[in-house]
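Spelled out, the chains give:
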Amino acid sequence: MDLSSFAGPFLPEILLLAGTLLVFLFDVLGVRTTERVGAVAVGATALALLFVVADLGFAPLTFLRTIPAGQLDAAASGTPLYAFTSLGLVFQAIFLLATLLVSLASLSRPSRDRGAPIFFGLLQLAALGMLLVALASDLIFLLLAIEVTSIATYLLVAYTRHDSRSLEAAMKMYIIGALSTTLSFFGASLLYGAYQTTSLLAIARDGGAAGFPVLVLLGYGFLIVGLAFKATLVPFHAWAVDAYDGAPTDVTAFLAGGSKKVGLFAFFLIFLAPILFVRAAAPGGSPFTSGAVALGPVLQITLSVLAVGTMTLGNVLALLQKEMKRMLAYSSISQAGYMLIGIAVGTAPALAGATLQIFAHVFMKTGAFLLVAGVTAWGVGPLIDDWKGLGTRRPFVGVAFALMLLSLAGVPLTVGFVSKFVLFSAAVQAQGYFVWLAVAGLLNSALSVFYYARVLRVMYFEEPAARATPTGAVAGGSEPPVLPAGGLGYGRATAILLAVVLIVAVGVYPQPVLGAIQAAATHFVNLGA
């Protein structure tokens, strides 16, 4: 194999790595303006996304494919560290879309921000780790790729250095992240003791690991706990709200819309194969029947409980919040519960529904936090009540935020409705107690309407305070004093507009995206059969 044939499939990762190094080189050379380093980050991310979409087979871009068609979704021989799958490419596109939105919006940051190279460099480094996660087919490779993203996000949260709240949030993330990493690697070591391999494909083929039921159960248990911290699942969620609230809001948008999806995709890779295939190795009986573990039912019940607890507690606590960022943070936690339903059900339609929900969440939640960042820069306070009358005074902001909230609630003609419909329908089709998972999801969606509607009422039906909102002044007196595009800046306005357009467009005509996700989910399920 020559260098070009080996490096070609990794072109998106190479582009992000090159962009990261170039941004840091700019910093060394003293080129630190937001526009220049931001343009490198946006360009590298956009090009990487273009090649990923081409590899997924979208007709106008097939001439840009870097992965040969026969290499995609191919049954790998041996125990490779990585594999190219359609579902992995879908998640790479999701990760890159979140990174692109945040990079675009961050072009509206102050031009002379000395931390701009650090911000954009770490953002691309985190995205690089996320792309590697989507390629992983080995447990250790997967966990190491997750750590690349985690370390970069710890630094992103604290990159301002002089904000005590950001430093506190970063320390909380670091401590909890170190704990979750320790638990995950310990769980991986137990599975290695049971299976004598860390290859996810080999573990799936091995079935119940006859003779080592205790190691298997403990190993998967530690992995669930360790990855639940990354995915902000209840009861391992408490750090996330303080971290989201304390981090710079652009970074919060990346954490909620991008990096937490890494933990959810890790759940797909690690737990879906046992749920689908291992139950056949030891049908019925206790988990210890005949020296083999009936992992399927055990994991399904565990993940179902986590899903219901996460969506319920997240929505209830969001209902009690008075601050906008904390409300959105708890809402983001509840959304992770919906996504977990797809893994618990363990069918191709359910996996497609969960993936579409993750895709939708990128635009809904990333866009919402980016919009909050822009409004905060005008001088609007952190409380929900500080948004009184904003919808009538700033129509673009009001309509954009309303569409994001309505999509999060699952209102028809938005992508949030389509994703929840596909996901809950798959749970109902699976029959059994999975129907109750769909019912729990519907009830929680109805509950979420209350706190989203409260924000809409404040924006459109309550009078603003006497003090007028500044017309685009940047917090801290940075240059320029007034941003264009209604005070948002061209970059942030473009990112928000792109999110809104996709929320509506995919909600009205979901077939291109839904079809690609359904095909990827089917290939992924069949890959281990």
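Residues numbered from 1 in each chain as written. Predicted model: local features only at pLDDT ≥ 70, side-chain atom pairs only at ≥ 80, totals over all residues. Heavy atoms only, no water.

## Focus: the overall build of the chain
The line we're drawing: Helix and strand definitions here come from DSSP, where helices need a minimum of 4 consecutive H or I residues and strands a minimum of 2 consecutive E residues; each element is numbered from the N-terminal end. With a 1.4 Å probe rolled over the protein chains alone, any residue whose accessible area is under 20% of its type maximum counts as buried; one over 50% counts as exposed, and the rest are partly exposed. Note on definitions: a residue-residue contact is assigned when non-hydrogen atoms from the two residues lie within 4.5 Å. Only the protein chains shown count as cover for residues, and the accessible areas themselves come from Shrake-Rupley with a 1.4 Å probe.
Along the chain, the regular secondary structure elements total 20 helices and 0 strands. In the chain, which comprises 529 residues, the share counted as buried stands at 58%. Taking the contacts inside the chain whose residues are at least 6 apart along the sequence as the reference set, 80% of them involve residues at least 24 apart. For the chain, the accessible surface area stands at approximately 19,400 Å², while carbon and sulfur atoms represent 71% of it.

## A look at the nonpolar core
For clarity, the cut-off: Take the buried Ala, Val, Leu, Ile, Met, Phe, Trp, Tyr and Cys residues and link them wherever side-chain atoms come within 4.5 Å; each set so joined is a nonpolar core.
Ranked by internal contacts, the top residues of the largest apolar core, which has 179 residues, are Tyr220, Phe271, Trp387 and Phe401. Sorting elements by how many residues they give to this core places helix 14 (residues 348-377) first, with 18 residues. Setting aside its immediate chain neighbours within four residues, Trp387 contacts Met324, Leu371, Val372, Val375, Val380, Gly381, Phe401, Val458 and Met459.

## Considering the packing of helix 4 (residues 86-106) against helix 5 (residues 116-135)
Here is the rule we go by: Structural elements are reduced to axes, namely lines fitted to C-alpha atoms, with helices fitted over the stretch in contact, and the angle between N-to-C directions of any two is expressed from 0 to 180 degrees. Working definition: roughly parallel below 35 degrees, roughly antiparallel above 145 degrees, roughly perpendicular at 65 to 115 degrees, and oblique for all remaining angles. Residue polarity follows a fixed list, in which Ala, Val, Leu, Ile, Met, Phe, Trp, Tyr, Cys and Pro are nonpolar, Asp, Glu, Lys and Arg are charged, and the others, Gly among them, are polar.
Running from N to C, helix 4 and helix 5 cross one another at 170°; their axes reach a closest spacing of 8 Å. Taken as axis vectors, helix 4 and helix 5 run roughly antiparallel relative to one another. Residues Gly88, Phe91, Gln92, Phe95, Leu96, Thr99, Val102, Ser103 and Ser106 of helix 4 form the contact with helix 5, whose own contacting residues are Phe119, Phe120, Leu123, Ala127, Met130, Leu131, Ala134 and Leu135. A class-by-class count of the residues in the contact of helix 4 with helix 5 yields 12 nonpolar, 5 polar and no charged.

## Section: empty space enclosed by the protein
For clarity, the threshold we go by: With a 1 Å grid spanning the protein atoms alone, the term cavity applies to any set of points in which a 1.4 Å probe fits but cannot get out, the term pocket to an open set with protein on both sides within 12 Å along at least five of seven lines, and the term lining residue to any residue with an atom within 4 Å of a point. Grid points are joined across faces, edges and corners, and a volume is the space filled by probe spheres set on the points.
With the rule as written, the count across this model stands at 2 cavities of 30 Å³ or more. The calculated volume of the largest cavity comes to roughly 220 Å³. What lines the largest cavity is a set of 18 residues, among which Ser150, Thr153, Met173, Lys230 and Trp239 lie closest to the centre. Secondary-structure elements contributing two or more residues to the lining of the largest cavity are helix 6 (139-157), helix 7 (164-195), helix 9 (213-231), helix 10 (238-246) and helix 11 (249-277). Here the residues of the lining of the largest cavity sort into 9 nonpolar, 7 polar and 2 charged. By volume, the second largest cavity amounts to about 30 Å³. Every element with two or more residues in the lining of the second largest cavity is listed here: helix 6, helix 7 and helix 9. Broken down by element, the lining of the second largest cavity gets its largest block of residues, 4 residues, from helix 7. Its residues placed into classes, the lining of the second largest cavity shows 4 nonpolar, 3 polar and 2 charged.

## Here's the deal with the layout of surface pockets
Roughly 1,000 Å³ of internal volume is contained in the largest pocket. Lining the largest pocket are 41 residues; nearest its centre among them are Arg109, Tyr159, Thr160, Pro248 and Thr249. Listed by contribution, the elements that provide at least two residues to the lining of the largest pocket are helix 7, helix 10, helix 11, helix 13 (324-345) and helix 14. Top element by residues in the lining of the largest pocket is helix 14. It accounts for 5 residues. Of the residues belonging to the lining of the largest pocket, the class tally is 16 nonpolar, 11 polar and 14 charged.

## Things to note about the environment of Ala493
With respect to the helices and strands, the residue Ala493 is situated in helix 19 (residues 490-508). A relative accessible area of 15% places Ala493 in the buried class. As for Ala493 and Ala105, which are separated by 388 residues in sequence, their C-alpha atoms are 7.2 Å apart.

## What about the environment of Thr160?
Looking at the element boundaries, Thr160 is found in the loop between helix 6 and helix 7. By relative accessible area, which is 27% here, Thr160 ends up partly exposed. A C-alpha to C-alpha distance of 9.7 Å links Thr160 and Ala116, two positions 44 residues apart in sequence.

## A closer look at the side chain of Ser448
With respect to the secondary-structure elements, Ser448 resides in helix 18 (residues 434-461). Look at Ser448 and you get buried, because its relative accessible area is 1%. Setting aside its immediate chain neighbours within four residues, Ser448 contacts Asn315 and Ala409.

## Observations regarding the pattern of salt bridges
Selection criterion: What counts as a salt bridge is simple: a side-chain nitrogen of Lys or Arg found within 4 Å of a carboxyl oxygen of Asp or Glu.
Across all of its chains, the model carries 9 salt bridges by this definition. For Glu168, the salt bridge is made with Lys172, and the minimal N-O distance between the two is 3.2 Å. Of this pair, Glu168 and Lys172 both sit in helix 7, 4 residues apart, which is roughly one turn of the helix. With relative accessibility at 26%, the residue Lys172 sits in the partly exposed group. We note a salt bridge from Arg457 to Glu462, for which the minimum N-O separation is 3.1 Å. Exposure remark for Glu462: the relative accessible area of 22% places this residue in the partly exposed category. Counted as one network, the salt bridges with shared partners bring together Arg165, Glu168, Lys172, Asp242, Asp245 and Arg326.

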